[in-house]
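# Results of the structural survey
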Amino acid sequence: MAGHSQFKNIMHRKGAQDAKRSKIFNKLAREITVAAKSGLPDPAANPRLRAAILAGRAQNMPRDRIDRAIKQGTPGGGDDTNYEEVRYEGYGPGGTALIVEALTDNRNRTASEVRSAFTKHGGSLGETGSVNFMFNRVGAIFYPASVADADTVFEVALEAGADNVESDENGHQITSTVESFGAVRDALEAKFGGAESARLTWLPLNTVAPSEEAAASLLKLIDVLEDNDDVQVVEGNFDISDELMQKLTA
């Protein structure tokens, strides 16, 4: 169920991202710049930068935009903004748990905006640690179904040290420990090419199936959060059926 729910999260985010391409590019560029600042500007020697670039390519981010973001993160590159990584946790409609990760240059502004979004859309923002015990921190790698059949992906992933593989008509989700994430990602990339998504994430231990009314409010809350320039990722433990998801996102 947890893996099934995660597919729904991915597909919902993908739909939202397709409708907000320029904003997504801005978020990806921020992550690339921060990643370049955190280590060497060479993706081969900087795993975080490598993952950020792969995420940009998966969204068809222009090469010159990626290169510009890397340059801004190098000494003398022109971006002196100091971004902080912050995490917010809370409850959404229907008793769902949400984790929001952000990169911000103003913690007070971002906290206020995130709190307002929760309040306006039937949720409540809690303290850090209030819901993360309901999730495991894992490496998650997502490939479209067309890359290979389920058995092939399973064999390659397990050989590389992955913990689990979930496959359905939407694609293949491979999960690993945080420690083995880099090795698993690199082995899969060598076999199948760049992943559609490859990053550390929060995988729910159990899922919640909200009512139609609660699900509508929940998706609105997620959209508002993802529309915030500072918010990078929103994760949840919700499980919404294909039929209901299609109805609510039509």
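Thresholds, definitions, all that
Residues numbered from 1 in each chain as written. Predicted model: local features only at pLDDT ≥ 70, side-chain atom pairs only at ≥ 80, totals over all residues. Heavy atoms only, no water. UniProt positions renumbered as here; feature names shortened; annotations may be inferred. Helix = DSSP H or I, 4+ residues; strand = E, 2+ residues; numbered from the N terminus. Core = buried A, V, L, I, M, F, W, Y, C linked by side-chain atoms within 4.5 Å. Buried < 20%, exposed > 50% of the residue type's maximum accessible area, 1.4 Å probe, protein only. Contact = heavy atoms within 4.5 Å. Pairing = 2+ DSSP bridges. pLDDT = per-residue confidence, 0-100. Domains from an automatic or database assignment. Buried area = accessible area lost by both parts, 1.4 Å probe. Salt bridge = Lys/Arg side-chain N within 4 Å of Asp/Glu carboxyl O. Polar contact = N/O pair within 3.5 Å; in protein donor to acceptor, adjacent residues only side chain to side chain. Nonpolar A, V, L, I, M, F, W, Y, C, P; charged D, E, K, R; others polar.

### Some thoughts on the UniProt feature "domain: TACO1/YebC-like second and third" (unreviewed entry) in the chain
Under the UniProt annotation, the feature "domain: TACO1/YebC-like second and third" (unreviewed entry) is placed at residues 83–238. From the first C-alpha to the last, residues 83–238 spans 30 Å; its make-up is 34% helix and 36% strand.

### What to know about the nonpolar core
Core analysis: the biggest nonpolar cluster contains 21 residues, and Tyr88, Val100, Val114, Phe118, Leu225, Val234 and Ile240 have the highest contact counts within it. For this core, the elements supplying multiple residues, two or more each, are strand E1 (84–92), strand E2 (96–104), helix H5 (107–120), helix H8 (212–227), strand E8 (231–236) and helix H9 (242–249). What valine 114 contacts, discounting residues up to four positions off in sequence, is Tyr88, Leu125, Leu225 and Val231. Core analysis: the next-biggest nonpolar cluster, separate from the first, contains 15 residues, Ile141, Val156, Phe181 and Leu188 among them.

### Structural notes on the pairing of strand E4 (residues 135–144)
Burial analysis of E4 places seven of its 10 residues in the buried class, the great majority of the element. Across six bridges, E4 lies against strand E6 (residues 171–176) in antiparallel orientation. Bridged to proline 144 within E6 is glycine 171.

### What about the confidence of the model for the chain?
Looking at the chain as a whole, its pLDDT mean stands at 88, while 91% of the residues score no less than 70. Per-element mean pLDDT across the chain ranges from 50 in helix H1 (residues 2–19) up to 97 in H5. When the criterion is pLDDT under 50, residues 1–6 qualifies, and its contacts beyond four places in sequence or with other chains add up to 19 contacts.

### Points about the domain arrangement of the chain
One can read the domain layout of the chain as domain 1 (17–73), domain 2 (84–133 + 206–243) and domain 3 (135–204). Taking the mean C-alpha position of each, domain 1 and domain 2 sit 24 Å from one another. Residue-level contacts link seven residues of domain 1 with 11 residues of domain 2. Carbon and sulfur atoms supply 34% of the area that domain 1 and domain 2 bury against each other, a total of about 790 Å² over both sides. At the junction of domain 1 and domain 2, the tally comes to three salt bridges. Between lysine 23 and aspartate 229 there is a salt bridge, with its nearest N and O atoms 2.8 Å apart. Viewed at the interface, domain 2 and domain 1 are joined by nine residue pairs in polar contact (both at pLDDT 80 or more). Sorting elements by how many residues they give to the side of domain 1 that touches domain 2 places helix H2 (residues 21–38) first, with five residues. Of the residues in the side of domain 1 that touches domain 2, the class split is one nonpolar, no polar and six charged.

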